[in-house]
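# Structural overview
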Amino acid sequence: TLYIKNSKEGDLMTKQNNNPIAIEMFQTEQVNLVGKTNATDFIRMKKDCFPNYRKMLKDRSGIYFLCNKDDNTLYIGESQNLEDRIGHWIKNRDHWDYAIIFSNELFTKTVCTNIEKTLIAKAKETDFYDVKNANGGFSQKIGWLEEYKTDIYTAEIIETFNKVYLDKTKNL
C-alpha cells in the first residue's frame, strides 16, 4: 500500500511487517532525486550529473544500482567509497544512464557485501533485468545483530528501489 502526503513529490509511506517505511524526497529534477528512508539515504541521478552529487558520496559506504532504462540493464555493486567507485564506473562502463545509490554511515563492508549478494539474486529472479554482474556477489559470516540490520537495510533498499526505479512496472 502506498500513501502520498504533503507536497507534489510528497513523503511516500509504505508498510512492511506493520512498520512504516517513510521515503522522503528532498530534491527532484527530471531523473535526479535525493531522499531518505528510515535506514538509508538515497540518490537517483543521471550519469552526467555525477559531479553535482560527488561531495555527497565522499567517504560514504553503500550499495548502488547502475541502470539503463532502455534495455533494463542493471549492475548492482557495493563500495566503502561511493565517490571513487561511481567515478570509476563513469570512466569504464557505458551500459548505464542513471544510478540509484543507497548509503548509511553505519554500513560495514560485511553488511554491504551481504546486501549486494541478496539484491543480485533478487534481480536475477525477476527475469526482467539484464543483470551485468559477473558473479552472484559474496557473503560473509555475520552475527545475529549484523544479520538483523542487514535484513532491515535490504528490505528498505528493495522497497525504495521499486519506488524510484524509472520503470514502475517491474519490481525486485
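This report concerns the structure included in the present document. (Residues numbered from 1 in each chain as written. Predicted model: local features only at pLDDT ≥ 70, side-chain atom pairs only at ≥ 80, totals over all residues. Heavy atoms only, no water.)

We now examine the overall build of the protein chain. Secondary structure summary: the protein chain contains four helices and nine strands in total. The helix and strand sequence of the protein chain, counted from the amino end, reads β-β-β-β-β-α-β-β-α-β-α-β-α. Looking at the protein chain as a whole, 49% of its 172 residues are labelled buried. The contacts in the protein chain between residues at least 6 apart in sequence include a share of 57% that link residues at least 24 apart. Surface exposure of the protein chain reaches about 9,100 Å², of which carbon and sulfur atoms provide 46%. (Helix = DSSP H or I, 4+ residues; strand = E, 2+ residues; numbered from the N terminus. Buried < 20%, exposed > 50% of the residue type's maximum accessible area, 1.4 Å probe, protein only. Contact = heavy atoms within 4.5 Å. Areas by Shrake-Rupley, 256 points an atom, 1.4 Å probe, with all protein chains shown as cover.)

Below, the discussion takes up a nonpolar patch on the surface. On the surface, Trp144, Leu145, Tyr148 and Ile152 cluster together into a nonpolar patch covering about 480 Å² of accessible area. By relative accessible area, isoleucine 152 is classed as partly exposed at 31%. (Patch = residues over 30% accessible without salt bridge, like charges linked within 9 Å, V, L, I, M, F, W, Y side chains within 5 Å. Salt bridge = Lys/Arg side-chain N within 4 Å of Asp/Glu carboxyl O.)

Taken N-terminus to C-terminus, the directions of helix 1 (residues 50–57) and helix 2 (residues 82–92) make an angle of 155°; their axes are 8 Å apart at the nearest point. It follows that helix 1 is roughly antiparallel to helix 2 by the angle criterion. Together, Phe50, Arg54 and Leu57 of helix 1 and Leu82, Glu83, Ile86, Gly87 and Ile90 of helix 2 make up the contact between the two elements. Class assignment of the residues belonging to the contact of helix 1 with helix 2 gives a composition of five nonpolar, one polar and two charged. (Axes fitted to C-alpha atoms, helices over the stretch in contact; angles between N-to-C directions. Parallel < 35°, antiparallel > 145°, perpendicular 65-115°, else oblique. Nonpolar A, V, L, I, M, F, W, Y, C, P; charged D, E, K, R; others polar.)

As a further point, take the environment of tyrosine 75. With respect to the helices, strands and loops of the structure, tyrosine 75 is situated in strand 7 (residues 73–79). Considered as a pair, tyrosine 75 and phenylalanine 65 are ten residues apart in the sequence and their alpha carbons are 5.6 Å apart. Tyrosine 75 has contacts with Tyr64, Phe65, Leu66, Trp89, Arg93, His95, Lys132 and Asn133, leaving out every residue within four places of it along the chain.

Turning our attention to helix 4 (residues 144–164). An α-helix turns once every 3.6 residues. As a result, residues three or four positions apart point the same way. Spanning 21 residues, helix 4 covers 30 Å between terminal C-alpha atoms, matching the ideal 30 Å at 1.5 Å per step. Every buried residue of helix 4 is accounted for by Thr150, Tyr153, Thr154, Ala155, Glu156, Ile157, Ile158, Thr160, Phe161, Asn162, Lys163 and Val164. (Expected span 1.5 Å × (residues − 1).)

Quick look at the pattern of salt bridges now. Side-chain pairs of opposite charge can arise where the charged atoms are in close proximity. Following the criterion strictly, the structure yields six salt bridges and no others. Between aspartate 130 and lysine 132 there is a salt bridge, and its shortest N-O distance comes to 3.2 Å. For aspartate 130, a relative accessible area of 35% translates into the label partly exposed. Each of the salt bridges in this network shares a partner with another, and the network as a whole consists of Arg54, Lys58 and Glu83.

Close contact between helix 3 (residues 109–125) and helix 4 brings their axes to 10 Å; oriented N to C, the two are set at 45°. With respect to helix 4, the axis of helix 3 lies oblique. As helix 3 runs across helix 4, the sense of the crossing is right-handed. Here Thr110, Val111, Asn114, Ile115, Thr118, Leu119 and Lys122 of helix 3 lie close against helix 4, whose contacting residues are Glu146, Thr150, Tyr153, Thr154, Ile157 and Ile158. Looking at side-chain class alone, the contact of helix 3 with helix 4 contains six nonpolar, five polar and two charged residues. (Left-handed = near helix turned anticlockwise from the far one by under 90°.)

Remember, this is a structural readout, not a statement about activity or role.
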